[in-house]
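Structure assessment
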Amino acid sequence: MGKKGGQVLITEEGLRHDGRRPDELRQVRMEVDVLENADGSALVEFGGTKVLAAVYGPREPIQKYIVLPDKAVLRVRYHMAPFSTSERKSPAPSRREVELSKVIREALESVVLSDLYPRTVIDVFIEVLQADGGTRTTGLTAASLALADAGIPLRALVGAVAVGKIGGTLVLDIDEVEDNYAEADMPVGAAPDIGLVTLFQINGVMTKEEVAKGLDMALNAIERIVEMEKEVLRSKYARVGEV
Ligand code: ADP
């Protein structure tokens, strides 16, 4: 089951190529305040996927015509560093990066309290340092943490993870090897504290039941991911309190 290109993706015992159970996340690491010059920043790792997010603002933009009279404009740039993939990625912006920037911006717009800052812009830069699957979900998680680190008021924190379908089995937090052979891949982003799904995509074919089960798996994991975000932010403020 799940054997493609000589690689066993799900063993007889139901384990994945890296030894994880189907509902297991990769090792997650989060850190905030990693950049001196940004207002907020975060480094988030899901296994081999490493993403840095930097937030600037709210600030008055140089191009004044882009502002809105009643709220801040959120700008998001998702970018993969040329050294982030096994084969050097072209540094030119790709259609995929343009699409992911939009998807992540929309996923953040529903939680940022942008009406508190009219006539300003908030810039979010997402830089994929190392790509091993799930860069949009790791990027969204890092962006949410960096916004909170910048002190920008949010309705709630957002976390994200993708569920994949391999040989008919649903697996949480798929990596690149799995993604290459998966029948489907479903990235989900959510703000569990306000019961909001902010990103939901499906690439491939899944039944209605699989979508429901996959969404459940993702949302359960996102609750844990958001708890980790809170923990990282709490320890930052505990450190500030000690100074
Ligand atoms: P996501 O990273 O959100 O899963 P995709 O499904 O588009 O988004 O990509 C899956 C994985 O494929 C990425 O995480 C990355 O490891 C790899 N990948 C994507 N684009 C490129 C690229 N241009 N060059 C090399 N690898 C890439």
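Our structure's up above, just so we're on the same page.
About the thresholds
- Residues numbered from 1 in each chain as written.
- Predicted model: local features only at pLDDT ≥ 70, side-chain atom pairs only at ≥ 80, totals over all residues.
- Heavy atoms only, no water.
- Helix = DSSP H or I, 4+ residues; strand = E, 2+ residues; numbered from the N terminus.
- Rg over C-alpha atoms; globule rule 2.2 N^0.38 Å.
- Contact = heavy atoms within 4.5 Å.
- Areas by Shrake-Rupley, 256 points an atom, 1.4 Å probe, with all protein chains shown as cover.
- Axes fitted to C-alpha atoms, helices over the stretch in contact; angles between N-to-C directions.
- Parallel < 35°, antiparallel > 145°, perpendicular 65-115°, else oblique.
- Left-handed = near helix turned anticlockwise from the far one by under 90°.
- Nonpolar A, V, L, I, M, F, W, Y, C, P; charged D, E, K, R; others polar.
- Near = heavy atom within 4 Å.
- Polar contact = N/O pair within 3.5 Å; in protein donor to acceptor, adjacent residues only side chain to side chain.
- 1 Å grid on protein atoms, 1.4 Å probe; cavity = no way out; pocket = protein on both sides within 12 Å on 5 of 7 lines; lining within 4 Å.
- Sits in = over half its atoms within 2 Å of the grid points.
- Buried < 20%, exposed > 50% of the residue type's maximum accessible area, 1.4 Å probe, protein only.
- Pairing = 2+ DSSP bridges.

1. Comments concerning the overall build of the protein
- Within the protein, the regular secondary structure consists of four helices and 12 strands.
- Here the C-alpha radius of gyration of the protein, 18 Å, is about what a compact globule of 243 residues would show, namely 18 Å.
- Each principal axis of the C-alpha atoms in the protein carries an extent, and together these give about 55 × 40 × 35 Å.
- By sequence separation, contacts in the protein at least 24 residues apart represent 68% of the contacts at least 6 residues apart.
- Carbon and sulfur atoms make up 52% of the accessible area of the protein, which totals about 11900 Å².

2. Quick word on the packing of helix α1 (residues 95–109) against helix α2 (residues 135–149)
- It is at 10 Å that the axes of α1 and α2 come closest, and there the two elements cross at 45°. When the axis of α1 is compared with that of α2, the two are oblique. Read as a crossing pair, α1 and α2 show a hand that is right-handed. Within the contact between the two elements, α1 uses R96, L100, I104, A107 and L108 and α2 uses T135, R136, L140, A143, S144 and L147.
- A per-class count over the contact of α1 with α2 returns seven nonpolar, two polar and two charged.

3. Thoughts on the site of the ligand
- Among the 13 residues in the neighbourhood of the ligand, the closest are listed as R96, G133, T135, R136 and E176.
- Note that an oxygen atom of the ligand is positioned 2.4 Å from one of the side-chain N or O atoms of E176.
- Notes on the ligand: free accessible area 530 Å², of which the protein chains cover 75%.
- Its atoms largely coinciding with the cavity grid, the ligand occupies the largest pocket.
- At the level of elements, α2 and α3 (176–181) are the ones that each hand at least two residues to the shell around the ligand.

4. Quick notes on unusual backbone geometry
- Geometrically, the link from G57 to P58 is a cis peptide bond, its omega value of 0° lying close to zero.
- Tracing the backbone shows P58 in strand β5 (residues 49–59).
- For D33, which is not a glycine, the phi torsion comes out positive at approximately 60°.
- In this structure, D33 sits in the loop between β3 (28–32) and β4 (40–46).
- Exposure remark for D33: the relative accessible area of 44% places this residue in the partly exposed category.

5. Some details on the sheet that holds strand β6 (residues 73–80)
- Strand order in the open sheet made by the five strands is β3-β4-β5-β7-β6, with mixed pairing throughout. The two strands at the open ends of the sheet, each matched to only one other strand, are β3 and β6. Across the sheet, the axes of successive neighbouring strands diverge by a mean angle of 15°, strand direction being ignored.
- Across eight bridges, the pairing between β5 and strand β7 (residues 121–130) is antiparallel. Looking at the pairing, V51 lines up with V128 of β7.
- Where α1 meets the sheet, its contacts fall on β6 and β7, and the angle it forms with β6 comes to roughly 140°.
- In the packing of α2 onto the sheet, the strands contacted are β3, β4, β5, β6 and β7, and the crossing angle to β4 comes to about 150°.

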